[in-house]
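Spelled out, the chains give:
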Amino acid sequence: MKLFWRTLLVASALSCATGRRHNAKLKSLLAVDRECNQYSTSDSYGQCQTRCQGILGRFWDDSDVVPAVTLGRFYQPDCDDHNYLNRTEQCLGEVTDHVRRNDDCLRATCTVKCYTDQYGQLDAESPSYIPTTKLQYEQIYHDCAAILQIDPHSIRDLGNPDARCLLRCFMIRQGLYSDAEGPNLDRMYVQCGGYVRPDEFRQKALKCVERLRYEPLDACSRAYWIAKECVNVKGAVMQNFGGLGGPLGGFVGGSKPGSSSQNALKILFDKPPVVGGVRF
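Calculation rules
- Residues numbered from 1 in each chain as written.
- Predicted model: local features only at pLDDT ≥ 70, side-chain atom pairs only at ≥ 80, totals over all residues.
- Heavy atoms only, no water.
- UniProt positions renumbered as here; feature names shortened; annotations may be inferred.
- Axes fitted to C-alpha atoms, helices over the stretch in contact; angles between N-to-C directions.
- Helix = DSSP H or I, 4+ residues; strand = E, 2+ residues; numbered from the N terminus.
- Left-handed = near helix turned anticlockwise from the far one by under 90°.
- Contact = heavy atoms within 4.5 Å.
- Nonpolar A, V, L, I, M, F, W, Y, C, P; charged D, E, K, R; others polar.
- Buried < 20%, exposed > 50% of the residue type's maximum accessible area, 1.4 Å probe, protein only.
- Arc of directions from axis to C-beta.
- Phe/Tyr/Trp six-rings, centres within 6.5 Å; stacked < 30°, edge-to-face > 60°.

What UniProt records for the protein chain under Subcellular location (unreviewed entry) is the sentence "Secreted". Turning to the protein chain, the UniProt record has this under Sequence similarities (unreviewed entry): "Belongs to the PBP/GOBP family."

Set out below in structure tokens:
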């Protein structure tokens, strides 16, 4: 009964407090470009325009050699072009070989041009999901803890019902999940930095979600198992949650190898329960 009221509380509180279901931000490249123009302070700023777009669109980081693969969400490949990925990768390799590592603006411009020339047709007008930053993670995490009246310091592992409800709220607030529709796979692809085989990932994830839909699970446990089993490629989803630090951080990718908290997580995830006769 307590879990029922907690689930009802988070749905009502999110609606009343924000007037919307999540904190997800959607922006087009044109909107990002206009935002960058507002920050321009000199005529020479134009040469760094692409870098600014990448930073605000979350597909560029100066510490990386090339843009995130999720940059592809702003382009539409030709259906008959089966070699666009290879051409784009080859172009990126040439830029990496010939552009100085410390010339961030030129490197951003040239690598993004690889996508424009080789990947597909640029769609600068359609809004796309902008990944949540770690700072935003922190705010969402604390918002959910406050809404659910959960003390994060009282949670010691993800087997705790409160932890699973916190994870569910966390994904809902990010705009990555809803009870009615399940995980938003397109947004998760972007938030988690892309997958090697996105089509294969989507197919497997949909089958997994469909299977869990008919299992006798409460809302928080269903969200947890979907996150853990269906969309948690290389631990990306759970690391987003656990990378916040604090008590939960140690249980989801936030600990040094071999630490007791990491071992606790391994035990928790390596031996999932049998639900409805199916071991996940």
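Is there a simple way to explain the packing of helix H2 (residues 29-39) against helix H3 (residues 49-57) in this structure?
The geometry of a pair of packed helices is captured by two quantities: the angle between their axes and the separation between those axes. It is the contact of H2 with H3, at a shortest axis distance of 9 Å, that shows an interaxial angle of 115°. Here the hand of the crossing between H2 and H3 comes out right-handed. Facing H2, whose interface residues are Val32, Asp33, Glu35, Cys36, Asn37 and Tyr39, H3 presents Gln49, Cys52, Gln53, Leu56 and Gly57. Split by residue class, the contact of H2 with H3 holds five nonpolar, four polar and two charged.

Even after reading the chapter, I still don't get the environment of Leu185, so can you show me in this structure?
Mapped onto the fold, Leu185 is located in helix H8 (residues 185-191). Residues Leu185 and Arg202, 17 residues apart in the sequence, show an inter-C-alpha distance of 7.0 Å. Other than its neighbours up to four places away in sequence, Leu185 contacts Phe201, Arg202, Ala205, Leu206 and Val231.

Can you walk me through H2 in this structure?
Leu29, Val32, Glu35 and Cys36 are the residues of H2 that are buried. Here the buried residues of H2 occupy an arc of 120° about the axis, which is enough to place them on one side. Set apart from the buried face of H2 by more than 90 degrees, the exposed residues are Arg34 and Gln38. Looking at the buried residues of H2, the elements they touch are strand S1 (25-27), H3 and strand S3 (121-122).

Can you walk me through the packing of aromatic side chains in this structure?
Per the counting criterion, the structure on display carries seven aromatic pairs. Judged by centre distance (6.0 Å) and plane angle (40°), the rings of Tyr75 and Tyr115 are tilted. Here Tyr75 is found in strand S2 (residues 75-76), whereas its partner Tyr115 is found in helix H5 (residues 104-119), with 40 residues between them in sequence. Note on accessibility: Tyr75 and Tyr115 belong to one class, buried. Summarising the aromatic geometry, the rings of Tyr84 and Tyr119 are spaced 4.9 Å apart at their centres and angled 80° between planes, so their arrangement reads as edge-to-face. Residue Tyr84 is located in helix H4 (residues 84-98), and its partner Tyr119 is located in helix H5; the two are separated by 35 residues in the primary sequence. Overall, Tyr84 belongs to the buried group, its relative accessible area being 19%.

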